[in-house]
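These are the residues of each chain, in order.
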Amino acid sequence: MMEKIWGKTWALMGLVLLNSVSNVSSLSVTVNDVECVYEYVIYEGDTISGNFVVVDHDIFWGSDHPGIDFIVTSPEGNTVHSLKGTSGDKFEFKAPRNGMFKFCFHNPYSTPETVSFYIHIGHIPTEHDLAKDEHLNPINVKIAELREALESVTAEQKYLKARDTRHRHTNESTRKRVIGYAVGEYILLTLVSILQVIYIRHLFSKSVAYNRV
């Protein structure tokens, strides 16, 4: 009897995990001007969450750099969430209705930027769902809540990993620039030294010529 119960439990958890995988999107987007990603939300009121990080943005983004814009549009075309001028952030909101949502990145600069993008559509059955569907029970709800908690941890890990990748790129870019400046400075000092030697020799040659006269 217990084996049958455990078998059903594991099968149920497997279905939950499978459903979780189908509601997750993780991808890398190269943004030249405007790039959009589409995601279908099955249930109204589902939680749409995720994060994005501009992985290889220029280290010398100044205070006047406009950054990347992020805009989420509902199936009706209304803006439901937006972030302006950022190199990365997290987001979370409730879907006002079901349907196809559009997630767009806008890069105002001509230099392409690579964006690591992660999105998750979370659904936890409510009491209304339990009343409508006789196959649902409180155990399903608890498993869904556990799934969403695990998904939150996964999303945070992906966000930190993307930020770490960006920091590595920044460090590598800084190292190359420092080496370039050091080599340039060495070449400049060498040229100045050579010019000084030539100038001093020229002065000495003029002095010797004057003494002979």
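Residues numbered from 1 in each chain as written. Predicted model: local features only at pLDDT ≥ 70, side-chain atom pairs only at ≥ 80, totals over all residues. Heavy atoms only, no water.

A. The arrangement of the overall build of the protein in detail. Within the protein, the secondary structure is distributed over three helices and eight strands. Element order for the protein, N to C, with α for helix and β for strand: α-β-β-β-β-β-β-β-β-α-α. Per-residue burial over the protein gives 31% buried out of 213 residues. A separation threshold of at least 6 residues defines the contact pool for the protein, and within that pool the share at least 24 residues apart is 76%. Total accessible area on the protein stands at roughly 14,300 Å², and carbon and sulfur atoms take up 60% of it. (Helix = DSSP H or I, 4+ residues; strand = E, 2+ residues; numbered from the N terminus. Buried < 20%, exposed > 50% of the residue type's maximum accessible area, 1.4 Å probe, protein only. Contact = heavy atoms within 4.5 Å. Areas by Shrake-Rupley, 256 points an atom, 1.4 Å probe, with all protein chains shown as cover.)

B. Spatial organisation of the pattern of salt bridges. Following the criterion strictly, the structure yields one salt bridge and no others. Between Glu-76 and Arg-97 there is a salt bridge, and its shortest N-O distance comes to 3.5 Å. One end of the pair, Glu-76, is in the loop between β4 (68–73) and β5 (79–86); the other, Arg-97, is in the loop between β6 (88–94) and β7 (99–106), and 21 residues separate them in sequence. (Salt bridge = Lys/Arg side-chain N within 4 Å of Asp/Glu carboxyl O.)

C. Representation of a nonpolar patch on the surface within the structure. Among the surface-exposed residues, Ile-179, Val-183, Tyr-186, Ile-187, Leu-191, Ile-194, Leu-195 and Ile-198 lie close enough to one another that they form a single nonpolar patch of about 800 Å² accessible area. Topologically, Ile-194 is positioned in helix α3 (residues 138–212). The class of Ile-194 is partly exposed, set by a relative accessible area of 44%. (Patch = residues over 30% accessible without salt bridge, like charges linked within 9 Å, V, L, I, M, F, W, Y side chains within 5 Å.)

D. Quick peek at the state of the cysteines. Evaluated as defined, the whole model comprises one disulfide. Between Cys-36 and Cys-104 runs a disulfide, and the two sulfur atoms are separated by 1.9 Å. Residues Cys-36 and Cys-104 share a disulfide whose torsion about the S-S bond is about 105 degrees; that sign makes it right-handed. Of the two residues, Cys-36 sits in strand β2 (residues 34–41) while Cys-104 sits in strand β7, which places them 68 residues apart along the sequence. (Disulfide = S-S within 2.5 Å.)

E. Local environment of the sheet that holds β4. Taken in spatial order, the four strands line up as β2-β7-β4-β5 in an open sheet, and their pairing is antiparallel. The two strands at the open ends of the sheet, each matched to only one other strand, are β2 and β5. Across the sheet, the axes of successive neighbouring strands diverge by a mean angle of 10 degrees, strand direction being ignored. Relative to β7, β2 runs antiparallel, the two sharing eight bridges. (Pairing = 2+ DSSP bridges. Axes fitted to C-alpha atoms, helices over the stretch in contact; angles between N-to-C directions.)

F. Fine view of the pairing of β7. Pairing of β4 with β7 involves five bridges; the strand directions are antiparallel. The partner of Val-72 across the bridge, within β7, is Phe-103.

G. The arrangement of the environment of Val-31 in detail. As for its placement among the helices and strands, Val-31 is situated in strand β1 (residues 24–31). A relative accessible area of 0% places Val-31 in the buried class. Along the primary structure Val-31 and Val-115 are separated by 84 residues, whereas in three dimensions their C-alpha atoms are 7.1 Å apart. Discounting residues that sit within four places of it in the chain, Val-31 has contacts with Phe-105, His-106, Asn-107, Thr-111, Pro-112, Glu-113 and Val-115.

H. How the structure looks around the nonpolar core. In terms of nonpolar packing, the biggest core is built from 21 residues, with Ile-48, Phe-52, Phe-70, Phe-91, Phe-103, Phe-105 and Phe-117 touching the most fellow members. For this core, the secondary structure elements donating two or more residues are β1, β2, β3 (47–54), β4, β6, β7 and β8 (113–122). Ranked by residues supplied to this core, first place goes to β8 with four residues. Excluding its chain neighbours within four sequence positions, the residues that come into contact with Ile-48 are Val-41, Phe-91, Glu-92, Phe-93, Ala-95, Phe-101, Phe-103, Ile-119, His-120 and Ile-121. (Core = buried A, V, L, I, M, F, W, Y, C linked by side-chain atoms within 4.5 Å.)

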